[in-house]
Amino acid sequence: MNSFGLWLRGFIPGPVVVNATERMRACCGALLGILLTGLVSHWALGPGAPLPMLIAPMGASAVLLFGVPASPLAQPWSIIGGNLVAAVIGVACARWVHDPVFAPALAVSLAIGAMFALRCLHPPSGAVALTAVLGGPAVTSQGFHFVLTPVLLNSFLLLLVALLFNNATKRRYPHSAHQDPAKLHKTSDQPSGARVGFTQEDLDYVLQQYNQVLDVSRDDLESLILQTEMHAYQRRFGVITCADIMSRDVVSVEYGTSLEDAWALLLKHRIKALPVINPARRLIGIVTQTDFMRQVDLQLYAGFEQRLKQFLRRTTGMHSDKPEVVGQIMTAAVKSAASAMHIVELVQPLSDSGIHHIPIVDDENRLVGMVTQSDMVAALYRGNANLAAL
């Protein structure tokens, strides 16, 4: 295909890669958003108000807030700040620039510049500026009151509905930036996962060279690239599941297992963690050496051995002020994985989250195995070795 043909293909939109449920969610959100904004604005402005209860740019804002709520252009400061600054500029141009052709052009241009400067770029705000100039006598007669009603009123109400609706339908909004991974060892080193592949500095450099506004946040872009890498790894190395690499003969304890017996199991089997299960073998927690150490204050080295022995020793009598069984010191919010899960999904928690053991469960949350950092190292090495041999 020649260059002209490729140029023509640029006019053909690509497929929308969202399912019917997400499309319906966006439509319902826009319906509720515009309906409630209109009803409340009509009540607030009162019957016979000189201004419309809704301005047309709210329709475009609804597309962003409900259709692409993760977009940087759809965040709360974007709609509030963008619409306000555009309205102010539009009213100013309408009052002080009398050329009917130049005034709207200047209003939109200055609005874009101001939104860039204030980091509140919101495409529908260009239409707000245009409405302030070309809205007719009903708008121009209001002067700067137009900024408050209906612009600020409409923007605030639509944003409020978006906050409630998006979060109720499991769409995080506002779409805040992901937090940097915690540095578990309190050093200047980056977490293990950040030392391989591309770095944040690499991505920042490429975005700076690209020098265009992206309708996706930097953090989401990074996440998409990482997920693409994970998918590519699965495609190259094939399906290696947790069931393929896990230990199956797992030493476990129950809630009522004594601390003394649990500690003895850790020493006997030379392991550092014990899954805690109920009589039906369903996972209810995990107890590690760290849990024991935390109870006897590891930071005080003097007399540590004696304190540990005293902690493990069973208390005689009916009452005890210290923990006596595993269930009293275990971690209940345990990270687990399904036996059919691909091992690549365990890389992040085992490398960057301070987790060394991940219990593997079946569909009914019954313990079926355990994957450790050693298992992952062996599996990833074997996968690379097999690929190199091809």
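Anything mentioned here points back to the structure above.
The following refers to the structure shown. (Residues numbered from 1 in each chain as written. Predicted model: local features only at pLDDT ≥ 70, side-chain atom pairs only at ≥ 80, totals over all residues. Heavy atoms only, no water.)

Remarks on the overall build of the protein chain
What counts, and what does not: Each helix is a run of DSSP H or I of at least 4 residues and each strand a run of E of at least 2, with the numbering of both proceeding from the N terminus. When a residue's accessible area, from a 1.4 Å probe over protein chains only, is under 20% of the maximum for its type it is buried; when over 50% it is exposed; and in between it is partly exposed. Two residues form a contact once any of their heavy atoms are found within 4.5 Å. The method behind every accessible area is Shrake-Rupley, applied with a 1.4 Å probe, and residues are considered shielded solely by the protein chains displayed.
The helix and strand tally for the protein chain stands at 16 helices and six strands. A total of 390 residues make up the protein chain; the buried ones form 36% of that total. Expressed as a percentage of contacts within the protein chain between residues at least 6 apart in sequence, the contacts between residues at least 24 apart total 64%. Carbon and sulfur atoms provide 62% of the accessible area of the protein chain, an area that totals close to 23,300 Å².

As for helix H12 (residues 259–269)
Note the cut-off: Arc definition: it is the arc formed by the directions from the helix axis to the C-beta atoms.
Every buried residue of H12 is accounted for by Leu259, Ala262, Trp263 and Leu266. Looking straight down H12, one finds that the buried residues subtend no more than 100° of arc, so they occupy a single side. Looking one or two places after H12, you find arginine 270, whose phi comes out positive at around 55°.

Some thoughts on the packing of aromatic side chains
How we decide: Two rings belonging to Phe, Tyr or Trp (six-membered ring only in the last case) form a pair when the distance between their centres is within 6.5 Å. Interplanar angles under 30 degrees mark stacking, angles over 60 mark edge-to-face geometry, and anything in between is tilted.
Counting across every chain of the model gives three aromatic pairs. For the pair tryptophan 96 and phenylalanine 144, a centre-to-centre distance of 6.3 Å together with 50° between the ring planes defines the contact as tilted. Here the residue tryptophan 96 occupies a position in helix H4 (residues 76–96), and phenylalanine 144 occupies one in the loop between helix H7 (137–140) and helix H8 (145–168), the gap between them amounting to 48 residues. Residue class for tryptophan 96 comes out exposed when judged on its relative accessible area of 61%. A residue is classified by how much of its surface remains accessible, and phenylalanine 144, at 33% relative accessible area, is partly exposed.

Structural notes on the nonpolar core
Quick reminder of the rule: Definition used in this section: a nonpolar core is a set of buried Ala, Val, Leu, Ile, Met, Phe, Trp, Tyr and Cys residues joined via side-chain atoms within 4.5 Å.
Counting residues in each nonpolar core, the largest one holds 37 residues, and the members touching the most others are Leu65, Phe66, Phe146 and Leu158. Secondary-structure elements contributing two or more residues to this core are helix H3 (57–67), H4, helix H5 (102–118), helix H6 (124–134) and H8. Every residue in contact with leucine 158, bar those within four places of it in the chain, is listed here: Gly33, Ile34, Thr37, Met58, Ser61, Ala62, Leu65, Phe66 and Ile79. Formed by 15 residues, the second largest nonpolar core is a distinct cluster that contains Val253, Ala262, Ile329 and Met330.

Points about the sheet that holds strand E4 (residues 337–338)
Put simply, the rule is: Strands are treated as partners if at least two bridges between them are detected by DSSP.
Judged by pairing direction, the sheet is mixed, and its three strands sit side by side in the order E4-E5-E6 without closing on themselves. Of all the strands in the sheet, the pair left with one neighbour each is E4 and strand E6 (367–372). Pairing analysis gives five bridges linking strand E5 (residues 357–361) to E6, with the strands arranged antiparallel. Following the sheet pairing, histidine 357 is matched in E6 by threonine 372.

As for the pairing of E5
Within E5, five of the five residues are buried, leaving the element largely enclosed by the surrounding structure. Because side chains alternate across E5, one face comprises the buried residues His357, Pro359 and Val361, and the other comprises Ile358 and Ile360, equally buried. Where E4 meets E5, two bridges bridge the pair, whose relative direction is parallel. Bridging from a neighbouring strand, alanine 337 pairs with isoleucine 360 of E5. Here E5 folds back onto E6, and the loop between the two strands holds five residues, one of which, asparagine 365, carries a positive phi near 65°.

What to know about unusual backbone geometry
The amide bond that connects threonine 149 to the next residue, proline 150, takes the cis arrangement and shows omega of 15°. Mapping proline 150 onto the fold places it in helix H8. Omega for the peptide link from tyrosine 173 to proline 174 comes to 5°, which places this bond in the cis form. Checked against the element boundaries, proline 174 lands in the loop between H8 and helix H9 (200–210). Phi is positive for arginine 119, which is not a glycine, with a value near 60°. For arginine 119, the position within the fold is in the loop between H5 and H6. Classification of arginine 119 as exposed rests on a relative accessible area of 74%. At arginine 270, a position not held by glycine, the phi torsion is positive, near 55°. Classification of arginine 270 by relative accessible area gives exposed; the value is 79%.

What to know about the environment of leucine 283
Take leucine 283: it is sitting in strand E3 (residues 283–288). In sequence terms leucine 283 and asparagine 365 are 82 residues apart; their C-alpha atoms lie 6.1 Å from each other.

What to know about the packing of H3 against H6
The following threshold applies: Only the stretch in contact is used when fitting a helix axis, every axis being a line fitted to C-alpha atoms; angles between N-to-C directions are given from 0 to 180 degrees. Orientation is classified from the angle alone, with under 35 degrees giving roughly parallel, over 145 giving roughly antiparallel, 65 to 115 giving roughly perpendicular, and any other angle giving oblique. Three categories are distinguished: nonpolar for Ala, Val, Leu, Ile, Met, Phe, Trp, Tyr, Cys and Pro, charged for Asp, Glu, Lys and Arg, and polar for the others, with Gly belonging to the last.
Contact pair H3 / H6: the axes reach a minimum separation of 8 Å and the direction vectors enclose 175°. Looking at the two axes, H3 sits roughly antiparallel to H6. Contacts from Pro57, Ala60, Ser61 and Leu64 of H3 reach H6 at Pro124, Ala127, Val128 and Thr131. Residues that form the contact of H3 with H6 fall into these classes: six nonpolar, two polar and no charged.

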